[in-house]
Amino acid sequence: MSARDVSDMINPLYSVAGVLVGMLVGLTGVGGGSLMTPLLVLAFGFHPATAVGTDLLYASATKAVGTAVHGRHGSVDWPIVRRLALGSIPATIVTLFILGGANEHSAKTGTIISTMLGILLVLSAIATLFRKQLVARLVPRMGTLEGRRLAITTVVLGAILGVLVSLTSVGAGALGMTALLVLYPRQPIATLVGSDIAHAVPLTLIAGIGHWLLGSVNGELLLSLLIGSIPGVIIGSLITSRINERVLAVILASVLAIVGVRMLM
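Residues numbered from 1 in each chain as written. Predicted model: local features only at pLDDT ≥ 70, side-chain atom pairs only at ≥ 80, totals over all residues. Heavy atoms only, no water.

### Let's talk about the overall build of the chain
Within the chain, the regular secondary structure consists of 12 helices and 0 strands. When the accessible surface of the chain is split by element, carbon and sulfur atoms take 70% of a total near 12,600 Å². (Helix = DSSP H or I, 4+ residues; strand = E, 2+ residues; numbered from the N terminus. Areas by Shrake-Rupley, 256 points an atom, 1.4 Å probe, with all protein chains shown as cover.)

### With respect to the side chain of Thr168
Tracing the backbone shows Thr168 in helix α8 (residues 147–168). From its side chain, Thr168 meets the backbone oxygen of Leu164 in a polar contact 2.7 Å long. Here Val170 takes part through its backbone nitrogen, which lies 3.1 Å from a polar atom of the side chain of Thr168. Setting aside chain neighbours within four positions, we find Thr168 in contact with Thr37, Val52, Ile113, Met116, Leu117 and Leu120. (Polar contact = N/O pair within 3.5 Å; in protein donor to acceptor, adjacent residues only side chain to side chain. Contact = heavy atoms within 4.5 Å.)

### Points about helix α10 (residues 189–213)
For α10, with 25 residues, the first-to-last C-alpha span of 36 Å sits near the 36 Å given by 1.5 Å per residue. A positive phi of about 80° marks Gly215, the residue just after α10. (Expected span 1.5 Å × (residues − 1).)

### Remarks on the packing of α8 against α10
Here α8 crosses α10 at 45°, and the two axes come no closer than 10 Å. Considering the angle they form, α8 stands oblique to α10. Of the two elements, α8 crosses α10, and the hand of that crossing is right-handed. Here Leu161, Gly162, Val165 and Ser166 of α8 lie close against α10, whose contacting residues are His199, Leu203, Thr204, Ala207 and His211. In terms of residue class, the contact of α8 with α10 is made up of 4 nonpolar, 5 polar and no charged. (Axes fitted to C-alpha atoms, helices over the stretch in contact; angles between N-to-C directions. Parallel < 35°, antiparallel > 145°, perpendicular 65-115°, else oblique. Left-handed = near helix turned anticlockwise from the far one by under 90°. Nonpolar A, V, L, I, M, F, W, Y, C, P; charged D, E, K, R; others polar.)

Pasting the structure below:
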């Protein structure tokens, strides 16, 4: 493929969307799926399945870079990643088979995906805004698990995330991170963030490939988003220290809640 062929595949409008979402990811650390997938559905009119499939491959590429950075700094707990993957990978494969049998591009399936996406966005908004309160309340109940019980609970968490992410591309960010903070309260936050990102790589890659095999990935859209998101993430990361963290959380939670409700309408 020539350079001209590649340039013809790039849609500047989609790249601008990639820049904006990339900036928000860099500013807040929230996964792009919570922002990009509803944007593709509501603003650009893509079928929910195409938005989800394309966003999953987009996420796998961007999170691979994040994993390399965290891995180099030693902020990934690989046993946690393995436990999550032990649950998420089989759950992802089963979910993809069900989607394939249900005709992923049908109007009914699109409605189901949109409804689940809306619910998860509202839950993500709650988790973003009230994370400290939720963790403080749940840690006395769940944060004392150890050994085999902790391992099994983490595998179950991975399975739940596998279903949610495969169906909507949302869940591994705000919701998954909150759950890890509850289950592993003694782990450094940076390590849990790195582990969450590292687990998202195989999860989004396998789910994205599955959606691609089902015909739910738009190559032009994927390339355009990747080109825009890289500078966006860099810009967001550079200016994040200049913006009040609480203000960011309120803004992000408000956006997620509004978009989530809009997806449910």
